[in-house]
Amino acid sequence: MNKKIVLVLVITLLAAFAFVACDQSAEYLAMESKLPDRVYAVENAYEISYETVVKFGKDVNYPLMTKMENLSKSRVINGALSTRGVKIGSDTDGNPGMVFDSYEVLFQTPDLLSIKFYAADKMNAQDESVNFLFAAGKDGKLFMNVANIFGKSETNTNMDALFSVFNSYRELQGMEEITLNEFYFAVVAFKGDDAKTMDIIISYLKTEQNEVIIPFAEVIDYLLPEDVEFFAFAN
């Protein structure tokens, strides 16, 4: 083949590749410009379905998030849900079994999701929860206990006031006493008909499962400063 023809073909191919690359770059930039809308999308169309796995010869169901706009957030939530859904432990006789035998969706809005897992009767295990603040940054915020949203005494000067409110409701509701250090790791969940009137449920394991229910409006001012804005929907 004539060298001039070969050279022309090479130049033509390189020009074509450059054109395609520029065209793809423009396409990627257009896609990237749309990304923040998805990252901070209002998740008002998600659904809570369930996954089934076989454990110890029985079907085990656990919740699963579907139809979310932000796949990164979806992976975070579903990872937490599946971890609890298939958690294996030992019962009081030392036999292996599923730690949680049931779960309940307590609160579900585009702002906040709260799902609680209940420990099986013979399991020496604490109930657990999965809570998620959708708007708390591009990755959202997953939290399970008091320390996750209220902090501790060294990070929150309101902790003594919060603990005092908790103890008032604990005594009224006849629940067992715990120390401040135990309080930090008590499980939190949310329940109610709407965000303005929802309750915060604080549960912990002593000689039995304990559950203290407090109107969230009474303790919302004691949140960690960085969490206050993410709970603005509850004010």
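Up top is the structure.
Residues numbered from 1 in each chain as written. Predicted model: local features only at pLDDT ≥ 70, side-chain atom pairs only at ≥ 80, totals over all residues. Heavy atoms only, no water.

Enquirer: Describe in detail the overall build of the chain, supporting the description with residues and values.
Expert: Scanning the chain from terminus to terminus reveals 6 helices and 11 strands. Looking at the chain as a whole, 39% of its 235 residues are labelled buried. For the chain, contacts bridging at least 24 residues in sequence account for 53% of all contacts bridging at least 6. Of the roughly 13300 Å² of accessible surface on the chain, 56% is carried by carbon and sulfur atoms. (Helix = DSSP H or I, 4+ residues; strand = E, 2+ residues; numbered from the N terminus. Buried < 20%, exposed > 50% of the residue type's maximum accessible area, 1.4 Å probe, protein only. Contact = heavy atoms within 4.5 Å. Areas by Shrake-Rupley, 256 points an atom, 1.4 Å probe, with all protein chains shown as cover.)

Enquirer: Help me get a handle on the packing of aromatic side chains, residues and values and all.
Expert: All chains considered together, the criterion is met by 14 aromatic pairs. Summarising the aromatic geometry, the rings of Phe 132 and Phe 134 are spaced 5.2 Å apart at their centres and angled 80° between planes, so their arrangement reads as edge-to-face. Pairing Phe 216 with Phe 231 gives two aromatic rings, centres 5.1 Å apart and planes at 50°, and the pair type is tilted. Of this pair, Phe 216 sits in the loop between β11 (209-215) and α6 (225-228) while Phe 231 is found in the segment after α6, placing the two residues 15 residues apart along the sequence. The exposure class of Phe 231 is buried, given its relative accessible area of 0%. In textbook terms, an aromatic cluster arises when at least three aromatic residues are bridged by ring pairs, as seen for Phe 143, Phe 190, Phe 216, Phe 231 and Phe 233. (Phe/Tyr/Trp six-rings, centres within 6.5 Å; stacked < 30°, edge-to-face > 60°.)

Enquirer: Please provide a residue-by-residue account of the pairing of strand β10 (residues 199-205), values included.
Expert: Along β10, 5 of the 7 residues are buried, which leaves the element largely enclosed by surrounding structure. One ladder, built from 5 bridges, connects strand β9 (residues 187-191) with β10; its direction is antiparallel. Along β10, the bridge assignment pairs Val 187 with Ser 203. As defined by bridge partners, β10 adjoins β11 across 7 bridges and the pair is classed as antiparallel. Paired with Ile 202 across the two strands is Val 212, which belongs to β11. Hairpin connection, β10 to β11: the antiparallel pair is bridged by 3 residues. (Pairing = 2+ DSSP bridges.)

Enquirer: So, the sheet that holds β10: which residues are in play, and what are the values?
Expert: Working definition: the strands of a sheet are paired by backbone hydrogen bonds and lie parallel or antiparallel to each other. What the 3 strands build is an open sheet, ordered β9-β10-β11; its pairing is antiparallel. Pairing within the sheet leaves two strands with one partner each, and these edge strands are β9 and β11. Neighbour-to-neighbour, the strand axes of the sheet open up by a mean angle of 25°, direction not taken into account. Taken strand by strand, helix α4 (residues 159-172) contacts β10 and β11, and its axis lies near 115° from that of β11. (Axes fitted to C-alpha atoms, helices over the stretch in contact; angles between N-to-C directions.)

Enquirer: Any details on helix α2 (residues 71-85)? Residues and values, ideally.
Expert: Here α2 spans 20 Å end to end across 15 residues, near enough to the 21 Å set by a 1.5 Å rise per residue. Considered for burial, the residues of α2 that qualify are Lys 73, Ser 74, Ile 77, Asn 78, Ala 80, Leu 81, Arg 84 and Gly 85. Along the axis of α2, the buried positions cluster into a sector of 155°, meaning they face one direction only. Along α2, exposed side chains directed more than 90 degrees from the buried face belong to Leu 71 and Arg 75. By the N-cap criterion, in which a side-chain oxygen at the helix start approaches the backbone nitrogen of a residue two or three places on, α2 is capped by Asn 70, the distance to Ser 72 being 2.9 Å. (Expected span 1.5 Å × (residues − 1). Arc of directions from axis to C-beta. Polar contact = N/O pair within 3.5 Å; in protein donor to acceptor, adjacent residues only side chain to side chain.)

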